Amino acid sequence: MPLWSVPVRTERFRSGSAGRGACVWARRQAAWAGAVLVMLAGVATSFVSAPAVSAQARVCEWGGVEGSWFDGGSWRGDCGGSPPTGDTIAWITGDDKHVFVDGGHAHSSILGVRRGKLSITNGGTLTSRGGTHVVGQGGRATVHISGPGSKWEATVTEEYGGVLVGYVSFSGTVVLDRGGVLDIQGPGNKLVLSYVPALEISPPSGLLVIGGQEGAEAIAPGFLNVGVVEMGYDDSGTERASGRIVFNHTDANYQFGPDVSGIGEIIQENGTTILNGTHTFRGTTVVNGGALRAGKPGAFSSDSHYVVNGGRLELNGHSLTMKSLSGDGGEVVLGTVPQGLANVTLTIDQEADTTFHGDVKGPADVFSVGSVVLEKDGGGSLTLTGQGT
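Everything numeric in this text was worked out from a predicted model, so none of it was measured.

Q: For this particular structure, what's the right way to read the environment of Phe223?
A: Its location among the elements puts Phe223 in strand 19 (residues 223-225). Each C-alpha atom of the pair Phe223 and Val181 lies 4.8 Å from the other, and the pair is 42 residues apart in sequence. Filtering out sequence-adjacent residues up to four positions away, Phe223 remains in contact with Leu176, Gly179, Gly180, Val181, Leu182 and Tyr254.

Q: Teacher, can you tell me more about unusual backbone geometry here?
A: The phi angle at Ser194 is positive, at roughly 90°, despite the residue not being glycine. Mapped onto the elements of the fold, Ser194 is located in strand 17 (residues 190-196). A positive phi angle, near 60°, is found at Asn316, a position not held by glycine. Tracing the sequence through the fold places Asn316 in the loop between strand 28 (312-314) and strand 29 (320-322).

Q: Looking at this structure, I do not really get the nonpolar core. What am I missing?
A: Within soluble globular proteins, side chains that are nonpolar tend to cluster in buried spots. Of all hydrophobic cores here, the largest spans 65 residues; its most connected members are Leu118 and Trp152. Contact partners of Trp152, with chain neighbours within four places excluded, come to Leu111, Ile120, Leu126, Ser128, His133, Val135, Val143, Ile145, Val163, Val181, Leu182 and Asp183. Judged by nonpolar contacts, the second largest core, of seven residues, contains Val134, Tyr167, Val168 and Tyr195.

Q: Even after reading the chapter, I still don't get the packing of aromatic side chains, so can you show me in this structure?
A: Each aromatic ring pair is summarised here by two numbers: the centre-to-centre distance and the angle between the ring planes. Summed over the entire model, instances satisfying the criterion amount to seven aromatic pairs. Plain terms: the ring middles of Phe247 and Tyr254 are 6.4 Å apart, the flat faces sit at 55° to each other, and that makes the pair tilted. Note on Phe247: relative accessible area 0%, which makes it buried. The exposure class assigned to Tyr254 is buried, which follows from its relative accessible area of 1%. Members of the aromatic cluster, connected to one another through ring pairs, are Phe223, Phe247, Tyr254 and Phe256.

Q: Just checking my understanding: could you explain the sheet that holds strand 34 (residues 359-361) for this structure?
A: The strands making up a sheet associate through backbone hydrogen bonding, with each pair oriented either parallel or antiparallel. What the six strands build is an open sheet, ordered 22-24-26-28-31-34; its pairing is parallel. Where the open sheet ends on each side, the last strands, each with one partner, are strand 22 (254-256) and strand 34. Between one strand axis and the next, the sheet turns through 15° on average, direction left out of account. Sheet topology note: the strand 22/strand 24 (residues 272-275) ladder contains three bridges and is parallel. Bridge pairing in strand 24 places Gln255 opposite Ile274.

Q: Explain the sheet that holds strand 16 (residues 181-185) here, please?
A: Taking strand neighbours across the sheet as the criterion, the five strands line up as 7-10-13-16-19 in an open arrangement whose pairing is parallel. Edge positions in the sheet fall to strand 7 (105-108) and strand 19, since each has one partner strand and no second. Going from strand to strand, the sheet's axes swing by 10° on average, the running direction of each strand aside.

Q: Can you walk me through the side chain of Ser301 in this structure?
A: Along the chain, Ser301 falls in the loop between strand 26 (291-294) and strand 27 (304-308). A relative accessible area of 1% places Ser301 in the buried class. Of note is the side chain of Ser301, whose polar atom sits 2.6 Å from the backbone oxygen of Phe281. Looking at Ser301, its side chain comes within polar contact range of the main-chain nitrogen of Asp303, at 3.0 Å. When neighbours within four sequence positions are excluded, Ser301 is seen to be in contact with His279, Thr280, Phe281, Tyr306, Leu320 and Thr321.

Conventions adopted
Residues numbered from 1 in each chain as written. Predicted model: local features only at pLDDT ≥ 70, side-chain atom pairs only at ≥ 80, totals over all residues. Heavy atoms only, no water. Helix = DSSP H or I, 4+ residues; strand = E, 2+ residues; numbered from the N terminus. Contact = heavy atoms within 4.5 Å. Core = buried A, V, L, I, M, F, W, Y, C linked by side-chain atoms within 4.5 Å. Buried < 20%, exposed > 50% of the residue type's maximum accessible area, 1.4 Å probe, protein only. Phe/Tyr/Trp six-rings, centres within 6.5 Å; stacked < 30°, edge-to-face > 60°. Pairing = 2+ DSSP bridges. Axes fitted to C-alpha atoms, helices over the stretch in contact; angles between N-to-C directions. Polar contact = N/O pair within 3.5 Å; in protein donor to acceptor, adjacent residues only side chain to side chain.

Encoded structure:
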């Protein structure tokens, strides 16, 4: 028999992008578009207006197929037979292109991996400095940073810039594993997973992978140093853009510190991931294995739907309102130790009818002593078929 199946009051799901100031939007759009248009000069993809581009900008494009960043003969344009330098825009364009920074120290100003792949391995470093850096514009692109000492240090000089992964209608992926680091610095200290300007075009895809890909074998994690991850930024107001973050790693105490906003999905596959930022994104949080733990109040988004198919979603003593709860199994754990007089409240405020086949748990006897509260709200029905302890 279901543990619990009851409908209560109604509250509509909040949508829309009200509250974004037009001035802020215009400045951000100009900064991002300007950097991209500098990088993509000569390509007919001018989706948004941009400030004037300096005629003195030096641009180098990878002309080889697979090879080392330091092979000067593979670069075309303004490099003059040498690899890009700190005052040179670097492009990688082509589905068959794969550029390696396998040890050594590489440099660029703006970096654009439009199509193809850039791998930073074996303690190699890439230092980039510019208004905006882009992964995925014109096709499918990947930046893979792997191994101790391997690092992309991306300085974003414009406040409304960032590292854009998935731009306009194309897809970008950043993979961080085995200790590899993406370090984003400067006034535009943000990672943007999927950006759509204010035009009717197909939405892009922006993906951040910590460890292994979704559904693949877990791998030791890499690390992201950034203040903000913004998923699914959509200037059109239609909320078509969507970013994704996948945690599929082997660490028993992985700390993920950025604030996460926008529209998208977090997927927990393996390992224990502790969220230490403030999460306000709208979308879905999926737990398929391992543990996803709140490291502070607000670490789990109250605008997210939660799907637990395995593993543990750990509130860690912090109250949460869910947009919905569903899934095939696993556990929702409200606290790991009795909280004394502190109240821990899980509220499920949903409009749709769902079923959760896993268990809802707290510390031993917490429901009987009243330190943990489980509430159902909203017009939808929630059926719990597991155990409540």
